[in-house]
Amino acid sequence: MIRKVQSTAIALLLATNASCLAPSDDGAEPAALQPQQPAEIPTYSYRVVHSFPHDPTAYTQGLLYDNGFLYESTGQYGQSSLRKVELETGTVVQLHQLDDRFFAEGLALFGNRLLQLTWRANKGFAYRLDSFEQLAEFAYPTEGWGLTYDGELLVMSDGSATLYFRDPFTFAEVSRVAVVAQGRPVSQLNELEWIAGEVFANIWQTDTIARIDPATGQVVGWIDLTGLLSNADRRGSNAEVLNGIAYDPEGERLFVTGKWWPKLYQIELVSPSPKGTP
Ligand SMILES: [Ca+2]
């Protein structure tokens with residue numbers, strides 16, 4: 001039985017990697033392809049590079065960076081919005097409020113369009129990046145949680161352990177992948193960000209971000225952001241859970257915040273290995 005599972009795994013490896021060695025004639029797997037115990041997943045910590053003000057009434061559900069500004073989607077019925085935010089001051093420089101029926105969620109940038117999900121209305125909205133003029137609506141069958149764009153397809157989460165890849169023009173599902181860590185499903189995938197070939201995902205109700213290989217769904221790293229929002233900053237605010245990841249690819253700057261957090265942080269990841277590179 002175990003042998004059979006191993007053979008299946010080998011077949012999958014061969015099918016997905018054209019350069020793999022073929023099994024030898026006697027059926028024995030080449031040594032390099034022997035299945036191994038799942039590797040331990042590294043846990044990264046962080047260093048704060050800068051902290052910036054963040055609107056403590058913004059229930060952050062979607063966050064992205066473009067051309068010097070943050071774009072943010074905020075949730076809650078009656079308070080849901082799309083906003084353009086000045087990074088350094090946290091000042092909202094452009095605002096679109098959604099109808100009270102909608103609880104806004106994930107946000108992605110595709111070309112000159114902002115695409116915004118809603119939680120349970122099975123409906124999303126496309127806006128012009130510059131004017132926030134609403135251009136279109138689109139539908140999907142699941143809840144809407146996180147959204148990002150990988151340069152070709154949209155990547156969407158719905159609170160489960162599945163990531164959906166969707167056509168950015170039609171929003172039709174192209175494919176999906178199950179997210180796993182050492183063989184176990186990782187659910188509660190929330191706000192997303194495409195960063196250098198990986199999907200970063202907030203895990204809802206935790207201080208953890210998962211780094212996910214989008215081709216396999218494997219979690220290749222955890223980021224532990226425990227303590228990022230200090231007790232002093234938390235005091236007197238309604239600050240809720242960590243949520244919101246944005247990336248500036250040109251400056252290689254990683255930004256994170258949370259729901260109703262008074263601060264937004266630029267952070268650097270710190271390798272778990274004491275001998276690791278900085
Ligand atoms: Ca994001």
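Now for a quick tour of the structure. (Residues numbered from 1 in each chain as written. Predicted model: local features only at pLDDT ≥ 70, side-chain atom pairs only at ≥ 80, totals over all residues.)

## Some thoughts on the sheet that holds strand β4 (residues 81-86)
In spatial order, the strands read β2-β3-β4-β5; together these 4 strands make up an open sheet with antiparallel pairing. Sheet topology places β2 (60-66) and β5 (92-97) at the edges, where each strand pairs with a single neighbour. Pairwise comparison of adjacent strand axes, ignoring direction, gives a mean angle of 15° for this sheet. Here strand β3 (residues 69-74) pairs with β4 via 6 bridges, running antiparallel. Paired with L70 across the bridge in β4 is V85. (Pairing = 2+ DSSP bridges. Helix = DSSP H or I, 4+ residues; strand = E, 2+ residues; numbered from the N terminus. Axes fitted to C-alpha atoms, helices over the stretch in contact; angles between N-to-C directions.)

## Overview of unusual backbone geometry
A positive phi angle, near 65°, is found at F171, a position not held by glycine. Structurally, F171 is set in the loop between β12 (162-166) and β13 (173-178).

## What to know about the pairing of β5
With 5 bridges joining them, β4 and β5 adopt antiparallel strand pairing. Paired with K84 across the strands is Q94, a residue of β5. Adjacent in sequence and paired antiparallel, β4 and β5 are bridged by 5 residues, among which G90 carries a positive phi angle near 75°.

## Considerations on the pairing of β3
Counting buried positions along β3 yields 5 of 6 residues, so the element is predominantly enclosed. Bridge analysis of β2 against β3 gives 6 bridges, and the strand direction is antiparallel. The partner of L64 across the bridge, within β3, is Y71. Hairpin connection, β2 to β3: the antiparallel pair is bridged by 2 residues, and N67 has positive phi, about 50°. Here β3 folds back onto β4, and the loop between the two strands holds 6 residues, one of which, Q76, carries a positive phi near 85°. (Buried ≥ 20, exposed ≤ 12 C-beta atoms within 10 Å, placed from the backbone.)

## Concerning the environment of I245
By the element assignment, I245 lies in strand β20 (residues 242-248). Here I245 falls in the buried class, since 28 other C-beta atoms lie within 10 Å of it. In this structure the C-alpha to C-alpha distance between I245 and L192, which are 53 residues apart in sequence, comes to 6.6 Å. When sequence neighbours within four positions are dropped, the list of residues in contact with I245 reads L63, E191, E193, F200, N202, I209 and V256. (Contact = placed C-beta atoms within 7 Å.)

## A closer look at the sheet that holds strand β1 (residues 43-53)
Ordered by their spatial adjacency, 8 strands build an open sheet running β16-β17-β18-β19-β1-β22-β21-β20, and the pairing between neighbours is mixed. Looking along the sheet, the strands with just one partner apiece sit at the ends: β16 (189-195) and β20. Direction aside, neighbouring strands of the sheet carry axes that sit 30° apart on average. The pairing of strand β17 (residues 198-203) with strand β18 (residues 208-212) spans 4 bridges and is antiparallel. Along β18, the bridge assignment pairs V199 with I212.

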